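Given next are the chains, with one letter for each unit.
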Amino acid sequence: MKTKQIVVLIGTLGLATSLFASKDAEKIFDAKCAMCHIKTMPTNKTKLIAPPLMGVMRHVKMAYPKKKDAVAFMVNYVQNPTKEKAICMQQKIARFGLMPSQKGNITPKELKEVSEWMFDNFPPANFRGRGMKNGMRSGSMRHRPTFSSFDTNGDGKITPDEFTAFQNARMQSKMGKKCQGMRKKRRPSFAYFDLNKDGVITKEELLKVRAKKQEARAKAGYPMRNAANAPSFESIDTNSDGKITPDEFNSRFN
Ligand code: HEC
């Protein structure tokens, strides 16, 4: 009898939560994430137990500028955080520790809603780090240049020069000390290869992206480049586990 009641109770609560969820993603965030990720600028940084929400979103958007990609990354990461997938820097993980998996605390559906809400609202338009003139304010994320506009010579890689020119200007400001290294490591090219946004690049993804690039070049009438010149998957996957992590990628290309 008792167990039955409990089961019913849990079921009801579960249902209530999921109905609630679709109504108010921010409330879910408040209930499930805000105890670690504060929504405001920290007044006392020594009290932080996790990076504040605006910092988190700033970095997520740097690596995954498109909402769809960013949400996919977050949904994956929050349920299965690993050092390899983390887009932020080791210093941050060294300081706060790896985020505990939230699997079980939040349903995938809620997580998706929360992630979308996070993407839409953070960092806020008046975030100090975004202190740039006209046109670089809140809407600018949506008007970010595409990968190919950075990759001016169309070789599938963003060279330091291609990238820094634009990006430096916007990131100079307030990324927070924790992730400084990020500015030097030109991460977005990783996301370009990580087709399913699971935080690692498989051989299949690498080859697919390269093939697409070649195809595009051929269509545009450029000569085919010798594919053998491109570094092999195996040479990038230095620990030979069949996945290229951001670290492996960046130590090879940046
Ligand atoms: C117990 C504390 C805690 C809770 C609860 C928590 N986080 Fe985190 N989170 C962390 C810490 C610590 C980090 C930084 C280390 C890392 O990236 O794993 C982090 C990092 C992240 C990142 C950035 C990942 C990266 O690679 O930079 C995202 C996105 C994130 N959290 C989302 C969420 C969401 C969404 C929730 C609520 C469902 C949540 N977190 C709940 C502690 C927490």
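Within each chain, residue numbers correspond to sequence positions counted from 1 in written order. It should be noted that, the model being predicted, local features are given only for residues of pLDDT at least 70 and side-chain atom pairs only at 80 or more, the latter also being counted only at that level, while totals for whole chains, interfaces and linings use all residues.

1. Topic: the nonpolar core
In globular proteins that are soluble, nonpolar side chains generally tend to be buried together.
Move 1: The term nonpolar core means buried Ala, Val, Leu, Ile, Met, Phe, Trp, Tyr and Cys residues held together as one set by C-beta atoms within 7 Å. Counting other C-beta atoms within 10 Å of each residue's C-beta, where C-beta atoms are placed from the backbone, gives the exposure class: buried for 20 or more, exposed for 12 or fewer, partly exposed between. Met57, Val60, Ala63, Ala70, Met74 and Val114 are the most contacted members of the largest nonpolar core, which has 35 residues in total.
Move 2: Helix numbering and strand numbering both begin at the N terminus, where a helix is a DSSP run of H or I of at least 4 residues and a strand a DSSP run of E of at least 2. When contributions to this core are tallied by element, the ones reaching two or more residues are helix 2 (25–32), helix 3 (53–63), helix 4 (67–79), helix 6 (108–121) and helix 10 (188–193).
Move 3: Residue ranges for the domains trace back to a domain assignment, done automatically or taken from a database. When residues of this core are assigned to domains, at least three fall in each of domain 1 (2–126) and domain 2 (187–253).
Move 4: C-beta atoms are first placed from the backbone for all residues, and any pair lying within 7 Å is then listed as a contact. In this structure, methionine 74 is in contact with Val60 and Ser115, ignoring residues within four places of it in sequence.

2. Some remarks on the site of the ligand
Move 1: Inspection of the region around the ligand gives 28 residues, with Cys33, Cys36, Cys88, Phe96 and Met99 positioned closest.
Move 2: For the shell around the ligand, the secondary-structure elements that each account for two or more residues are helix 3, helix 4, helix 5 (90–96) and helix 6.
Move 3: A class-by-class count of the residues in the shell around the ligand yields 22 nonpolar, 4 polar and 2 charged. Near, for a residue, is defined by distance from a backbone-placed C-beta atom to a molecule or strand, with 6 Å as the limit that must not be exceeded. For this scheme, ten residues count as nonpolar: Ala, Val, Leu, Ile, Met, Phe, Trp, Tyr, Cys and Pro. Four count as charged, namely Asp, Glu, Lys and Arg, and the remainder, Gly too, count as polar.

3. Some remarks on the environment of isoleucine 244
Move 1: With respect to the helices and strands, the residue isoleucine 244 is situated in strand 2 (residues 243–244).
Move 2: In sequence terms isoleucine 244 and threonine 202 are 42 residues apart; their C-alpha atoms lie 6.3 Å from each other.
Move 3: Sequence-distant contacts of isoleucine 244, that is, excluding residues within four places in its chain, are made with Val200, Ile201, Leu206, Ile236, Asp237 and Phe249.

4. A short note on unusual backbone geometry
Move 1: The omega angle of the peptide bond from phenylalanine 122 to proline 123 is -10 degrees, so this bond is cis rather than trans.
Move 2: Positive phi, normally seen in glycine, also occurs at serine 240, with a value near 55 degrees.
Move 3: With respect to the element layout, serine 240 can be found in the loop between helix 12 (233–236) and strand 2.
Move 4: Exposure remark for serine 240: the 7 C-beta atoms within 10 Å place this residue in the exposed category.

5. Overview of the confidence of the model for the protein
Move 1: Summary of the metric used: pLDDT quantifies the predictor's per-residue confidence within the range 0 to 100. Counting all residues, the mean pLDDT for the protein is 77, and 65% of those residues have values of 70 or more.
Move 2: Element-level pLDDT for the protein is lowest in helix 9 (residues 180–184), with a mean of 44, against a maximum mean of 97 in helix 4.
Move 3: This stretch, residues 130–142, has a pLDDT under 50; its non-local contacts, to residues over four places away or in other chains, come to 11 contacts.
Move 4: Considering only residues more than four positions removed or in separate chains, one finds that residues 172–188, a stretch of pLDDT under 50, has 40 contacts.

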